[in-house]
Every structure is written in C-alpha cells, then in structure tokens.
Amino acid sequence: MKKTRNIFIALGIIFCAVSCGNGWLELEPSTAINTDEAVKTLKEVEFTMNGIYDIMRSSDLYSGRMMYYGDVTGDDMQAVSSSKRTGNYYRFSFTRDNGPSSHWAGLYEIIQNTNLILSRVDGIKVPDEDTGWRDNLKGEALAVRALALFDLTRFFGMPYAKDGGASLGVPVVTTLSDIDDKPERATVATCYDSFIADLNEAVQLLSPKFSKGRMNRWAAMSLLARAYLYKGDNVNALKTAEAAIEGAESNKWALWSNKEYATAWSNDASAAAPGEILFEMVITTPESQGKETMGRLNSKDGYDDMCITVSFYHLLKEDPDDVRLKLLSFDKKKYAYVFKYQPQAGEDIMDANVPVIRLSETYLIAAEAAVKTGDNEKAVKYLGAIAQRANPSRTLDGAAVTLDDVMTERRKELVAEGHRMFDVIRNGGTVKRIDETDSNLSSTRHFASDREFNWDFYKIILPVPKAERDANPNVAQNPGYDD
Ligand code: CA
C-alpha cells in the first residue's frame, strides 16, 4: 500500500468530497459532505498537501502528459509513429468532443484541493514556533494552485501577447466550490492576474530551504519569472529571475557542471546536494506511477514514444562538443531519444524523477528578459553561463545577444521538458516542421499534416472536454472547434 494512499484513508471522506470525482464540476451531492470538520491542524494540512503532490505525480499530469505536450506539438520532437501515446498531440488530431480530459479535470482537482487548504489554514491557531510551518504550507498551496492555473491557461487559452490577454482563459476558482457552482471562463488576463498574485504571496511565505519533492521559495519565484515572461512583463521577469538565481545559489543550488551534466539527471537531489532541480516529481519504486511516465516514453528500452526530429539533431550537432549531445540515445540509427529521465539508483526507468522547474530555465528566463529590455550585459551573463556549461570553450564575452540566440539555446537546453511549442507561440513565432534526413536517424520523418503554424492556428490550444461543457453550460468551447 502506498504511503500517500494511507494518507487518503486517514483523511477518509474528506478527500472524497473534493477529489474522487472527475474534477470539481462532477461533485455529487452525496459525496459533497460537510468539509467543516476537515483540515483543522497543520498536520492535516500537511497530509492534504502530500495528497496534492500525489495527484500531481500521476502520469496523466506532471510525470507524463503535462510534460510531453509542449514538445511533440513543436518542431524539435515528434511522436515516433501515429499509434504512439504522443501521436494525437503531434498530429493535432483532437476535435470538438474528443480532446483529452485529464488536463482540465486533473488540474482543477489540484486547484480544488489547494482551495480546501487555503480556506482553512489562516484559521488554524498555532504556537509561535509553528508559524513558519503554517506559512510554508500556505505558500506551497498557493504556489501549486498558481502552477495549475498557469498550465490550464496555456493549454486552453491563447498566448497573452496575441491580444493582450483579452481572449478566453479558464474559470478562476479560488474558493471551495460545490456542485451548484457553474463558473464561466475568465479572460487570459484575469487568469494571469490570479496566478501572479498567488505566486507573489507564495514567495513571501515559502521556506528558502530544500524540501524533497515540494515547492520552495526559489521554485515559486522561478515560476513567477516564467509567468512574467509569458505575459511580456520583461522588467519583472528579469528582476524576479535574478532574485531566484541569487536566492537559490545562496542556498546550495547550482547549475550542474559540464562534467556532471550527462548523468546528473539520475541524482537523487538532497538538502546537501540539491543540484539544479528546483521542483520535481519524485517517483520511487514503492510509489511508482506505472509505465506511462516520461522515463519510459523517452526511452528505446521503454515505450519509445517520442523522439527528436532530424532538424533538431542537426541544430544540436552544429557544435560537436556540446555536452547535450551526450543525452541522445540512438536506436539502431533509426531514432534518437533524450535521456533526461534517468532513473535513480536501483530503479526501473519508469520511476525516473521528473524535473518541473530547473535552475537552467531560470537563467534562460533572465537572459531572454534581458534581451527584451535591452540589457546586453545581463543577457551575456545569463546566456553565457548556459552556453559555456554546454561547451567550456564557448564564450559570449563581447557578443551582442539576440532573441534568436536565446531561443536557440532554450531549444538545446530544455528539449523534452515541455517548453518548445509554448516558447515559439508566446513570442508570436511560427512552428516549422522541416523535413531533413540523416543516416543516424534513418526512420525519423514527419508524418503530421500540420507542418507550419502560428497563433492563428486554432489547434495550438486544446478543446474544452465534452464532459466539462456538459456539466457546466457556462463553459464555452474554444473557437474553431465548434465549426
Ligand atoms: Ca525516482
């Protein structure tokens, strides 16, 4: 029996009230019991928070689908074939009523459970020595709620820059909801206001110290920097990313070195050696999430679901001494996989931990925001650190860094971590899936019909699942899917 499942049992029907359905819209009156008796001590808040992390760890969410979507919808990775799990994403084969349900339902399940904590935690009386514990738990709930809403907004809402956030985002739910609540979709701008406010509050409350598999101040601050960057608030993106880097590095986090880079992904991050993982899904053999996780999907020894494109391979090997080439794992000169999801000692590959926020990304956010605010000195500093780590003989000293330079480095550094399509689209760019050939990737070829698209393509966001629209007629479908 998994430990976290025991926690559910300990809390009994409390969790059933909020998480046994398929999201908050499907609460049944019979299970929507009185939660007034729930979560009355910090220990119970912590149990509930552990349960939330357990929900997040599911391969339907942050150890699988949530992570691969942004890669296989872009130009640097693809599904190996149409029958693979990633095939529908890669081919944009969703229609009005057959989109995936887990993104919407799972993320609102997380939000509903964080709302349970946030509706209680301020009212819990604690001795003075426990106020830091209470603050940290509240910060965790706020940061996780923000992450879920951020992801809902980018999966279901158009990029902020397309229309200044005027188009439809998702419902913003910040209180415990019940079956009678039928919220409408808020604008993208309102969603941004909500998760940016949550993150600003979270970073004031969260501990600066490492805590295995949990949110900390620097992870939340990096996520806030990411949110500002997506919004186009580059001044705050730069300021926040720099503060996150400085804070993380004064609390033992550090970029992996060139020497350790190829294998550091298998490290079991600890307080003594947190490496550069700011927030991760910790998967262990006793708490295995099964075979649908990133570890197996990205391996020739697993489901070999998603591989790099030939064009990306050519981009990466422009510098034959780039350490990131060492992460490529070739299958009989047919396909290449990205071996970032390395199992920890003694584990099966399916139990590899899944990084969600990594210090390298914070550096790249700082570099991009610096370029966009015209601060070349800082662009050189932050991009240079990533470039030189990849190849110590590279230097950007004296260079005039362009946005293209940063985006190219982002592609190389963050491939297979769920970013690429969002990165192109949020900057108003065009995804181009180019046909190239290479004798080392002899079977890798594009087979999607959508080869070139920008934010005018309605399928860059998902359709709202049919079950959610049926349960709540106030939730509109995304334009294009209704035609
Ligand atoms: Ca693991």
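Treat the numbers as computed from the prediction; the structure is a model and nothing was measured.

> Talk me through the coordination of the calcium ion; I want residue IDs and the actual numbers.
Protein coordination at the calcium ion comes from Ile283 (O), Gln344 (OE1), Glu347 (OE), Glu347 (OE), Asp351 (O) and Asn353 (OD1), with a distance range of 2.2 to 2.8 Å. Coordination at the calcium ion comes from six donor atoms whose angles at the metal span 49 to 161°, giving a geometry best classed as irregular. Written as a sequence motif, the donor residues of the calcium ion are I-x60-Q-x2-E-x3-D-x1-N. Comparing Glu347 with Asn353, the two get one shared label, buried.

> Run through the pairing of strand 5 (residues 335-338), naming residues and quoting values.
Sheet faces and side chains relate simply in a regular strand, where the side chains alternate between the two faces. The alternating pattern of strand 5 places Tyr335 and Tyr337 on one face and Ala336 and Val338 on the opposite face, and all of these are buried. In terms of strand pairing, strand 4 (residues 328-331) meets strand 5 through four bridges, oriented antiparallel. Across the sheet, residue Ser329 finds its bridge partner in strand 5, namely Tyr337.

> Tell me about unusual backbone geometry, and please be specific about residues and values.
Although it is not a glycine, Lys252 adopts a positive phi angle of roughly 85°. Mapped onto the fold, Lys252 is located in the loop between helix 11 (234-249) and strand 2 (277-281). By relative accessible area, Lys252 is classed as exposed at 57%. You will see that Lys332, though not glycine, has its phi angle at about 50°, which is positive. As for its placement among the helices and strands, Lys332 is situated in the loop between strand 4 and strand 5.

> Could you give an account of the pattern of salt bridges, with specific residues and numbers?
Tallying each qualifying case throughout the model produces 40 salt bridges. The partner of Arg411 in a salt bridge is Asp76, with the nearest N and O atoms 2.7 Å apart. Of the two residues, Arg411 is situated in helix 16 (residues 403-414) and Asp76 in the loop between helix 4 (65-72) and strand 1 (77-79); the sequence distance between them amounts to 335 residues. Asp76 sits in the buried class, given a relative accessible area of 2%. Among the salt bridges present, the one from Glu413 reaches Arg389, with a minimum N-O distance of 3.2 Å. Remark: Arg389 occurs in helix 15 (residues 376-390) and Glu413 occurs in helix 16; sequence separation between them is 24 residues.

> I'd like a rundown of the packing of helix 6 (residues 102-120) against helix 7 (residues 131-156), residues and numbers included.
Relative orientation of the contacting elements helix 6 and helix 7 amounts to 155°, with a least axis distance of 9 Å. Judged on the interaxial angle alone, helix 7 and helix 6 are roughly antiparallel. Relative to helix 7, the crossing made by helix 6 is left-handed. Contacts between helix 6 and helix 7 involve His103, Trp104, Leu107, Tyr108, Ile110, Ile111, Thr114, Asn115, Ile117 and Leu118 from the first element and Lys138, Ala141, Leu142, Val144, Arg145, Ala148, Leu149, Asp151, Leu152, Phe155 and Phe156 from the second. Its residues placed into classes, the contact of helix 6 with helix 7 shows 15 nonpolar, three polar and three charged.

> Can you break down the side chain of Asp331 residue by residue, with the values?
When you line up the elements, Asp331 lands in strand 4. Given the relative accessible area of 16%, Asp331 is considered buried. Setting aside residues no more than four positions away along its own chain, Asp331 makes contact with Lys300 and Tyr337.

> Explain the packing of aromatic side chains residue by residue, including any values.
Under the defined criterion, the tally for this structure stands at 25 aromatic pairs. Relative to Tyr89, the ring of Tyr69 lies with its centre 5.4 Å away and its plane at 80°, an arrangement referred to as edge-to-face. With Tyr69 in helix 4 and Tyr89 in helix 5 (residues 87-91), this pair connects stretches of sequence that are 20 residues apart. Pair check on accessibility: Tyr69 and Tyr89 agree, each one buried. Note on Phe210 and Trp253: the rings are 6.2 Å apart at their centroids and 45° apart in plane angle, and the pair reads as tilted. Of the two residues, Phe210 sits in the loop between helix 9 (188-205) and helix 10 (217-231) while Trp253 sits in the loop between helix 11 and strand 2, which places them 43 residues apart along the sequence. For Trp253, a relative accessible area of 1% gives the class buried. By the ring-pair criterion, three or more aromatic residues cluster together here, those being Tyr68, Tyr69, Tyr89, Phe94, Phe155 and Phe422. A cation over an aromatic ring shows up here: Arg426 above the ring of Tyr230, its NZ or CZ 5.1 Å from the ring centre.

Criteria and cut-off values
Sequence positions are assigned chain by chain, starting from 1 and proceeding in written order. Given that this is a predicted model, residues contribute local features only at a pLDDT of at least 70 and side-chain atom pairs are listed and counted only at 80 or more, while totals for whole chains, interfaces and linings are drawn from all residues. Hydrogens and water molecules were not included; the side-chain quantities draw on all heavy atoms of the structure. Here a donor is any nitrogen, oxygen or sulfur atom (N, O, S) within 2.8 Å of the metal, with 3.2 Å used for Na, K and Ca; water is not among the atoms considered, so some sites may look incomplete. Geometry assignment treats four donors as tetrahedral when all angles are between 85 and 135 degrees, treats four as square planar and six as octahedral when opposite donors are over 155 degrees apart and all others between 65 and 115, and treats everything else as irregular. With a 1.4 Å probe rolled over the protein chains alone, any residue whose accessible area is under 20% of its type maximum counts as buried; one over 50% counts as exposed, and the rest are partly exposed. Runs of H or I in DSSP of at least four residues are treated as helices and runs of E of at least two as strands, each being numbered from the N terminus. When DSSP finds at least two bridges between two strands, those strands are taken to pair. Within this document, salt bridges are pairs made up of a side-chain nitrogen of Lys or Arg and a carboxyl oxygen of Asp or Glu, the two lying within 4 Å of each other. Axis definition: a line fit to C-alpha positions, over the contact stretch in the case of helices; interaxial angles, taken between N-to-C directions, run 0 to 180 degrees. Roughly parallel here means an angle under 35 degrees, roughly antiparallel means over 145, roughly perpendicular means 65 to 115, and every remaining angle is called oblique. Here is the rule for handedness: rotate from the far helix to the near one, and if that takes an anticlockwise turn smaller than a right angle the crossing is left-handed, while a clockwise turn gives right-handed. Note on contacts: a residue pair is in contact if any heavy atoms of the two residues lie within 4.5 Å. Charged means Asp, Glu, Lys or Arg here, nonpolar means Ala, Val, Leu, Ile, Met, Phe, Trp, Tyr, Cys or Pro, and polar covers whatever is left, Gly included. Two rings belonging to Phe, Tyr or Trp (six-membered ring only in the last case) form a pair when the distance between their centres is within 6.5 Å. Interplanar angles under 30 degrees mark stacking, angles over 60 mark edge-to-face geometry, and anything in between is tilted. Note on geometry: a ring has a charge over it if NZ (lysine) or CZ (arginine) is within 6 Å of the ring centre and within 35 degrees of the ring normal.

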